[in-house]
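So you can see what is in the structure, the chains are spelled out below.
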Amino acid sequence: MEDLSIQNVNLEKSENLERHRTEGFSSSDALVVRRGAPFKISLQLKGRPFNPRTDTIRIKVMLGRLYVIMPVTYSQKKVSSSQWKAYIDPECLNLQNPSIFICSPASASVGCYKFQLCVFTHDQQQKCAFGKFILLCNPWCPEDAVYIPFEDQREEYVQNDSGLLFMGTHMNPVSRPWSFDLYEPDVLETCLNLLQISPQHQKNRRVDYLNRNNPVYISRVVSAMINCEDDRGVLKGNWSSDFKQGVNPSMWTGSGDILKQWAQTGYSPVKYGQCWVFAAVMCTVMRVLGIPCRVVTNFNSAHDTNNNLLIEEYYTETGQKLNNSKDSIWNFHIWVECWMSRRDLGSGMDGWQVLDPTPQERSGGVFCCGPAPVKAIKDRRIDLLYDVPFVYAEVNAAVHTIVVSQGRVISLSKDTERVGSLICTKAIGFSRLQNITGDYKYVKSKREIFKTHSFSSGPSEGVQVFLNLDKAPVAGEPITFTVKVINKQKVNKMMKVHLNAQAKEYNHRPSEELKTFWETHGVIQLAPMEVKVLNQQILPAQYKDVMGDKMINLAVVLQDTASQEHALASEEFNIASPELTIKIADEDSAVPNKEQVATVSFTNPYSHPVSGVLTVAGAGLIQGKVQFRVEQRITFTPTTVGTKMLQASLSLTNFSPTIRGFKMVSINNA
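Every value quoted in this text rests on a predicted model; they were computed, and no experiment measured them. (Residues numbered from 1 in each chain as written. Predicted model: local features only at pLDDT ≥ 70, side-chain atom pairs only at ≥ 80, totals over all residues. Heavy atoms only, no water.)

A few points about the overall build of the protein
- Of the regular secondary structure elements, the protein holds twelve helices and 37 strands.
- In terms of its C-alpha atoms, the protein occupies a principal-axis envelope of roughly 115 × 55 × 40 Å.
- In the protein, the share of contacts with a sequence separation of at least 24, taken over all contacts with a separation of at least 6, comes to 67%.
- Side chains of the protein give 71 positive and 66 negative charges; the mean places of these two sets differ by 3 Å. (Helix = DSSP H or I, 4+ residues; strand = E, 2+ residues; numbered from the N terminus. Contact = heavy atoms within 4.5 Å. Lys, Arg positive; Asp, Glu negative; His and termini not counted. Charge placed at Lys NZ, Arg CZ, Asp CG, Glu CD.)

Written as structure tokens, this is what we have:
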């Protein structure tokens, strides 16, 4: 009889992908599996059948130059979970097509593996076959350092390929749809290549491969590689208003375009990113690698350059904010959290870890940040790795607001509540905000939504002033607000009133180009102990140039003409843009490969006609992006089952805001 030979190795893709929850990655030419769980391969033999008594099988698994050789046994007996193992189930042994189960340790390194399978016959002849597989972290495996205990968390933080980023201000958060594009062609390969071209891998491949068993190490490498400051990273940051050499960060709608452009240009930095782009792309990479990840927004995020937990803001006596401080407060700053155990720190620090790929400060000589345990930030464990003091300041720094006149301080007040006023992420399974402020800090009693700063230069506290917006500002409507003045003394007072509105960027100081766009001045009389309310409004025509991602700093300064006491109140806010509405015909009947019809509509709230370009995109729904001159009816054909995001953006001609909208679509089995 002809001796046996190996005709083929069947990677049993459909079964393995389903078992390992990696179906979406099936476009890869390699098998994609998760560590700590067995996957099946089947041999197709030619010649005589396999003889368990005289034939033996050995498998060599290789990651770079690292390798392990294991015998194939006939028992699933528990061996150490830290070792590779391979076995044949004797109860279902097919001698002509034997199936072998390979199980990696729950702490195996992430990467693209090759394997060599050798059959030794009774006369020691060797028959070999080769294959490859990609190994990811496994949040479903209790022994894996990234194990997260609930299925809805794994669906949201590992498998969900779309989400929401929260921007704006704490009193008026704006949700921006984002497509993480986990399952788009070549995204998986690009995420793995990111590890390959990192400085750590280029410096010492063996050490890098060994360290890739640890999500702490992986997350730190990825945090540095998302920005390009120290390496061939993905994104170049740009916080100016000049984006001619690339793409305005506000125009990106998903991670796939960015990662593909990076790979296709030989890993040249993609221009440009700001904090939400850096964070969203990092979220894609971490989810692809199997590490649970979510995007987090910190409203009123402090950047404390001198590490004194104090941010100083300066105003003139007429309410203009000044650029006098190196410290700053961003109206919002966005980072990611990744879920992992911290065996390097002890079990009390397990769980969510802050990682920030936006290049702000160096950590260990490199522009990266984290992983800093959220629990350590809450408990001010600034002795722990990594970067806990920096993140602690971002959510806890105090604010000194100083009014100056002719170089002299005439008023000062301290606010310990403003920084980190709201920390949030997308809710599990719902398109809404989840407040996680209490995870980062011990939250005091509920403070006023519109924080008021009141000052006086003497112990008498002669006058107090409060500034309140009547409602969250909406594009096309007047911004209405009230100034409440309280005379706390039993004497008449004459007060000068200065009101000032400035345009500013979300991430820093008032914009030099726009400066003050609205102001008013006057005088009021206050009787003893009188309370006076002034109603004010800023009309749409007055704020028309302060739209889109711009913020407004509104301040009121009162001056007692007799005592020269000053009082200041201020608020920073955004103007909510209108949204696109997306409706889908026969929404419940959406199935793969069947054309669907959607209608995108826009109600113009402005006092003038608008025109622009409508862009529609949706991973798993539309190949690439489709652009129209403002049209309404579109068609799309779903390709895969699951919940998908259809998003649309309208770029208006000669007008700054981009109008956005999204619709979640459930694609069912046919």
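Quick word on helix 3 (residues 187-196)
- Within helix 3, seven of the ten residues are buried, which leaves it mostly tucked inside the rest of the structure.
- Among all positions of helix 3, only Val187, Leu188, Thr190, Cys191, Leu192, Leu194 and Leu195 are buried. (Buried < 20%, exposed > 50% of the residue type's maximum accessible area, 1.4 Å probe, protein only.)

A closer look at the side chain of Lys40
- Relative to the helices and strands, Lys40 is located in strand 3 (residues 38-46).
- In this structure Lys40 comes out as buried when scored by relative accessible area, which is 15%.
- Side chain to side chain, Lys40 and Glu15 meet in a polar contact 3.0 Å long.
- Apart from residues no more than four positions distant in its own chain, Lys40 is found in contact with Asn10, Leu11, Glu12, Glu15, Asn16, Ser99, Ile100 and Phe101. (Polar contact = N/O pair within 3.5 Å; in protein donor to acceptor, adjacent residues only side chain to side chain.)

What about the nonpolar core?
- Ile59 and Ile100 are the most contacted members of the largest nonpolar core, which has 98 residues in total.
- A total of twelve residues in this core trace back to one element, the largest contributor, which is helix 8 (residues 275-288).
- Two domains share this core, each providing at least three of its residues, namely domain 1 (5-136) and domain 2 (151-439).
- Here Ile100 is in contact with Phe39, Lys40, Ile41, Leu43, Ile57, Ile59, Val72, Ala86, Tyr87, Ile88 and Leu117, once residues within four sequence places are set aside.
- Grouped together as the second largest cluster of nonpolar side chains are 51 residues, Met171, Ile524, Tyr543 and Ala590 included. (Core = buried A, V, L, I, M, F, W, Y, C linked by side-chain atoms within 4.5 Å. Domains from an automatic or database assignment.)

Digging into the UniProt feature "domain: Transglutaminase-like" (unreviewed entry) in the protein
- UniProt's entry tags residues 267-359 with the feature "domain: Transglutaminase-like" (unreviewed entry), counted in the numbering of this structure.
- The span residues 267-359 is 15% helix and 45% strand, and its two end C-alpha atoms sit 18 Å from each other. (UniProt positions renumbered as here; feature names shortened; annotations may be inferred.)

A few points about the domain arrangement of the protein
- Domain boundaries in the protein define domain 1 (5-136), domain 2 (151-439), domain 3 (454-574) and domain 4 (581-667).
- When each unit is reduced to the centre of its C-alpha atoms, the spacing between domain 1 and domain 3 is 71 Å.

Considering unusual backbone geometry
- A cis geometry characterises the amide bond from Lys271 onward to Tyr272, with omega recorded as 10°.
- Among the structural elements, Tyr272 can be located in strand 13 (residues 270-273).
- With an omega of 0°, the peptide bond between Gly370 and Pro371 qualifies as cis.
- Residue position: Pro371 is located in the loop between strand 18 (351-355) and strand 19 (372-373).
- We note that Arg21 has phi near 55°; this positive angle belongs to a residue other than glycine.
- Given a relative accessible area of 34%, Arg21 falls into the partly exposed group.
- Even without being glycine, Asp186 reaches a positive phi, approximately 75°.
- Within the element layout of this structure, Asp186 appears in the loop between strand 11 (172-179) and helix 3.

Observations concerning the UniProt feature "active site" (unreviewed entry) in the protein
- On the UniProt side, "active site" (unreviewed entry) is annotated at positions that read Cys275, His333 and Asp356 here. In summary, the annotated positions, though distributed over 82 residues, converge in three dimensions, the widest C-alpha pair being only 9.8 Å.
- Examined against the element boundaries, Cys275 turns out to sit in helix 8.
- The exposure class of Cys275 is buried, given its relative accessible area of 0%.
- Ignoring anything within four residues of it in the chain, the contact list for Cys275 reads Trp239, Trp330, Phe332, His333, Ile334, Thr358 and Tyr506.
- Tracing the chain through its elements places His333 in strand 17 (residues 328-340).

Some thoughts on the pattern of salt bridges
- Taken as a whole, this structure holds 23 salt bridges when the rule is applied.
- Across the salt bridge formed by Glu572 and Lys504, the nearest N and O atoms sit 3.5 Å from each other. You can see Glu572 sitting in strand 30 (residues 566-574) and its partner Lys504 sitting in strand 26 (residues 493-504), a full 68 residues away along the chain. Across the pair, Lys504 and Glu572 agree in class, each one buried.
- Through salt bridges with shared partners, a single ionic network connects Glu313, Lys321, Arg418, Lys504 and Glu572. (Salt bridge = Lys/Arg side-chain N within 4 Å of Asp/Glu carboxyl O.)

Points about the pairing of strand 29 (residues 551-560)
- Judged by how many residues are buried, strand 29 sits mostly within the fold: ten of ten residues are covered.
- Residues Met551, Asn553, Ala555, Val557 and Gln559 of strand 29 are buried on one face, and the alternating residues Ile552, Leu554, Val556, Leu558 and Asp560, pointing to the opposite face, are buried as well.
- Taken together, the ten bridges between strand 26 and strand 29 define a ladder with antiparallel strand orientation. For Ala501, the partnering residue across the bridge sits in strand 29 and is Leu554.
- Sheet analysis places strand 29 next to strand 30, joined by nine bridges and oriented antiparallel. By the bridge assignment for strand 30, Leu554 is matched with Glu571.
- From the end of strand 29 to the start of strand 30, which pair antiparallel, there are five residues, and Gln564 there has a positive phi angle of about 65°. (Pairing = 2+ DSSP bridges.)

A short note on the pairing of strand 31 (residues 581-584)
- The alternating pattern of strand 31 places Ile582 and Ile584 on a buried face and Thr581 and Lys583 on a face that is not buried.
- In the sheet, strand 31 pairs with strand 32 (residues 596-601) via four bridges, with the strands oriented antiparallel. The residue of strand 32 that forms the bridge with Ile584 is Ala598.

A short note on the packing of aromatic side chains
- The full count for this structure, using the stated rule, is 18 aromatic pairs.
- Ring centres of Phe39 and Phe133 lie 5.0 Å apart, and the angle between their planes is 50°; this geometry places the pair in the tilted category. Here Phe133 lies in strand 9 (residues 126-136) and Phe39 lies in strand 3, a separation of 94 residues in the sequence. Taken individually, Phe39 and Phe133 each receive the classification buried, so the pair is uniform in this respect.
- Here Trp262 and Tyr267 contribute two aromatic rings whose centre-to-centre distance is 4.7 Å and whose plane-to-plane angle is 75°, an arrangement assigned as edge-to-face. Here Trp262 and Tyr267 have matching classes, each one buried.
- Counting every residue linked through ring pairs, the aromatic cluster contains Phe39, Trp84, Tyr113, Phe115 and Phe133.
- For the cation-ring pair, Lys378 lies above Tyr442, with the distance from its terminal atom to the ring centre recorded as 4.6 Å. (Phe/Tyr/Trp six-rings, centres within 6.5 Å; stacked < 30°, edge-to-face > 60°. Lys NZ or Arg CZ within 6 Å of the ring centre and 35° of its normal.)

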